[in-house]
Amino acid sequence: QQNLEKLGGRIGVIAIVVCVVIFIIGVVMDRTDPSNPGSPAWLYMILIAVTLAVAAIPEGIPLCVTISLSIGCSDMVTKNVLVRKLAAVETLGSASVICSDKTGTL
């Protein structure tokens, strides 16, 4: 969860920086709307920058995490490990030593 939040924050900051740079370059180059050449360049570049910002924010990150956890769960099943909750796969994947008694209780 923490790594996912850090990744989302980094992607957001990078997206904002790229959008600001694109906006500045577009205004300096005086890019106008091809369908409305009379409109100001800054207005068109704001539209482009906002569109890029919305497209850059990844909506598929939770899906990718869920898929990777389910793949980890299926790999653990092949090794005869019983996993009842998908979130436990992440915890078990980062463990280096697992202690259990003769009944199999962790």
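*Asks:* In this structure, what is going on with the overall build of the protein chain? I would like to understand it.
*Replies:* Of the regular secondary structure elements, the protein chain holds 4 helices and 0 strands. In sequence order, the protein chain lays out its α and β elements as α-α-α-α. Within the protein chain, buried positions represent 15% of all 106 residues. Partitioning the intrachain contacts of the protein chain with sequence separation of at least 6 by distance along the chain shows that 29% fall at a separation of at least 24. Roughly 8,400 Å² of accessible area belongs to the protein chain as shown, and the carbon and sulfur atoms make up 66% of that amount.

*Asks:* What exactly am I supposed to notice about a nonpolar patch on the surface here?
*Replies:* Taken together, the side chains of Val13, Ile16, Val17, Val20, Val21, Ile24, Ile25, Val28 and Met29 present a nonpolar region at the surface, about 830 Å² in accessible area. Summarising the element assignment, valine 28 is placed in helix α1 (residues 2-28).

*Asks:* Just checking my understanding: could you explain helix α2 (residues 41-56) for this structure?
*Replies:* With 16 residues, α2 ought to run about 22 Å at 1.5 Å a step, and its terminal C-alpha atoms sit 22 Å apart, in line with that. Taken residue by residue, α2 has Ala41, Tyr44, Met45 and Ala49 as its buried positions. What you see down the axis of α2 is that its buried residues fit within an arc of 135 degrees, all on one side. Away from its buried face, by an angle of more than 90 degrees, α2 presents the exposed residues Leu47 and Val54.

*Asks:* Just to check I follow, could you spell out helix α3 (residues 61-78) for this structure?
*Replies:* Each turn of an α-helix holds 3.6 residues, which means side chains three or four residues apart point in the same direction. The end-to-end C-alpha distance of α3 is 26 Å, a good match for the 26 Å that 18 residues give at a rise of 1.5 Å each. Looking one or two residues past α3, asparagine 80 carries a phi angle of roughly 65 degrees, positive in sign.

*Asks:* Sorry, what's going on with the confidence of the model for the protein chain here?
*Replies:* Interpretation of the predicted coordinates at a detailed level should be avoided for regions scoring low in pLDDT. Here the protein chain averages 79 in pLDDT, and 88% of its residues register 70 or above. Within the protein chain, the lowest mean pLDDT, 68, falls on helix α4 (residues 87-94), and the highest, 86, falls on α2.

Conventions used here
Residues numbered from 1 in each chain as written. Predicted model: local features only at pLDDT ≥ 70, side-chain atom pairs only at ≥ 80, totals over all residues. Heavy atoms only, no water. Helix = DSSP H or I, 4+ residues; strand = E, 2+ residues; numbered from the N terminus. Buried < 20%, exposed > 50% of the residue type's maximum accessible area, 1.4 Å probe, protein only. Contact = heavy atoms within 4.5 Å. Areas by Shrake-Rupley, 256 points an atom, 1.4 Å probe, with all protein chains shown as cover. Patch = residues over 30% accessible without salt bridge, like charges linked within 9 Å, V, L, I, M, F, W, Y side chains within 5 Å. Salt bridge = Lys/Arg side-chain N within 4 Å of Asp/Glu carboxyl O. Expected span 1.5 Å × (residues − 1). Arc of directions from axis to C-beta. pLDDT = per-residue confidence, 0-100.

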